[in-house]
Amino acid sequence: MRTGHLVAKDICWRPAKNQPFLLHPVSFEVYPGRVLGVVGPNGAGKSTLLRMIYHYQKPTTGQIMVDGQDLWGMSAKAAACKVAAVLQEQPGAFGLTVRDIVALGRTPHRSALSSSGAHDAEIVTQAIARMQLEHLSTRNFDTLSGGERQRVMVARALAQQPQVLVMDEPTNHLDIRHQLEILSLIRSLGLTIVVSLHDLNMASDVCDAILLLKDGHCHGFGSADEVLSEKLVSDTFLVTAQRQKLSVSQNQHLTFHLPT
Ligand SMILES: Nc1ncnc2c1ncn2[C@@H]1O[C@H](COP(=O)(O)OP(=O)(O)OP(=O)(O)O)[C@@H](O)[C@H]1O
């Protein structure tokens, strides 16, 4: 049976009891192996939502279920066996090599006293190969370029063998080639993926469903055709959005202008 069925039921969040909600109740479902794109203007609540899915920030109310299990009813370690994250900020590695960093992905799968064995080593090797990082595996992580680091963080997430992968703006700082590679990877992994993207055309190309947020409210959830309509995009981003069919690929493409 394919795993990675993600359900969010009325999740919302505020920093503290006496503060306003920054994310208002939002519900969605992602079927195993599908890709959900989270889009919206700056400050919409995208990262706030993702943090709840990768078990960093507990929803104030509501529930997140992975394969029928309440993500916030389990330990952080158990949750890390289910959900991995690739974030915008990459940690300082203090002299660790690329292979060391990828091997950290195995940590949630080990018991407190066990050291990593041949099985873990094989999974780490496979994750490095999947991201074509073999030639960099002994390099100090801190010496890599932004794009190379991003690929290492994806390899670490793959070594974690999650059912759900969360990616917060994974194409940031990547050149066009690496952006396309990350998008193609997202499609090919076969994992359930929740990804925040600023580029609405990319989101439309790569995602099976789109969740549109603004000011902490859900403004749409459904297929890209439904949610990324001219009207909804124009209203949400305060621009004039136009959808056009590209003559060569026949794909729909959004263009944007400031309203006159
Ligand atoms: N711990 C916090 N305390 C107070 N405000 C917060 C906290 N975390 C997030 N916010 C606020 O919540 C709002 C949503 O932030 P969030 O980072 O989720 O937005 P975003 O959609 O990811 O934005 P961007 O596209 O700019 O990255 C912002 O106004 C942010 O300042």
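None of these values were measured; they are calculated from a predicted model.

A. Region of the structure containing the site of the ligand. In the vicinity of the ligand, the contacting residues are Pro15, Leu22, Gly40, Asn42, Gly43, Ala44, Gly45, Lys46, Ser47 and Thr48. Taken together, the residues of the shell around the ligand break down into 3 nonpolar, 6 polar and 1 charged.

B. View of the sheet that holds strand S3 (residues 35-39). Spatial ordering of the open sheet is given by S6-S7-S8-S3-S9-S10, a layout of 6 strands whose pairing is mixed. Looking at which strands have only one partner, the edges of the open sheet turn out to be strand S6 (83-86) and strand S10 (217-222). Within this sheet the neighbouring strands show an average axis-to-axis angle of 15°, counted without direction. Pairing analysis gives 4 bridges linking S3 to strand S8 (residues 192-196), with the strands arranged parallel.

C. The arrangement of helix H1 (residues 46-53) in detail. With 6 of 8 residues buried, H1 lies mostly within the body of the structure. Those residues of H1 that fall on the buried side of the exposure criterion are Lys46, Thr48, Leu49, Leu50, Met52 and Ile53. Within two residues after H1, His55 carries a phi angle of roughly 60°, on the positive side.

D. Quick look at the domain arrangement of the chain. One can read the domain layout of the chain as domain 1 (1-67 + 163-260) and domain 2 (90-162). Relative placement of domain 1 and domain 2: their C-alpha centres are 27 Å apart. Domain 1 puts 10 residues into the contact, and the matching count from domain 2 is 6 residues. Put simply, the parts of the chain that give the side of domain 1 that touches domain 2 at least two residues each are strand S7 (164-168) and helix H6 (176-188). Residues belonging to the side of domain 1 that touches domain 2 are distributed by class as follows: 6 nonpolar, 3 polar and 1 charged.

E. Layout of the confidence of the model for the chain. The share of residues in the chain with pLDDT of 70 or more is 97%, and the mean pLDDT across the chain is 92. For this predicted complex, the interface confidence reaches an ipTM of 0.97, while the overall pTM sits at 0.94.

F. Structural context of helix H5 (residues 146-159). Taking 1.5 Å of rise per residue, 14 residues should cover 20 Å, and H5 covers 20 Å from first to last C-alpha, within 8% of that figure. The buried fraction of H5 is high, at 11 of 14 residues. For H5, the secondary structure elements touched by its buried residues are S6, helix H3 (98-103), helix H4 (118-130), S7 and H6. Phi turns positive, to about 45°, at Gln161, one or two residues after H5.

What counts as what
- Residues numbered from 1 in each chain as written.
- Predicted model: local features only at pLDDT ≥ 70, side-chain atom pairs only at ≥ 80, totals over all residues.
- Near = placed C-beta within 6 Å.
- Nonpolar A, V, L, I, M, F, W, Y, C, P; charged D, E, K, R; others polar.
- Pairing = 2+ DSSP bridges.
- Helix = DSSP H or I, 4+ residues; strand = E, 2+ residues; numbered from the N terminus.
- Axes fitted to C-alpha atoms, helices over the stretch in contact; angles between N-to-C directions.
- Buried ≥ 20, exposed ≤ 12 C-beta atoms within 10 Å, placed from the backbone.
- Domains from an automatic or database assignment.
- Contact = placed C-beta atoms within 7 Å.
- pLDDT = per-residue confidence, 0-100.
- Expected span 1.5 Å × (residues − 1).

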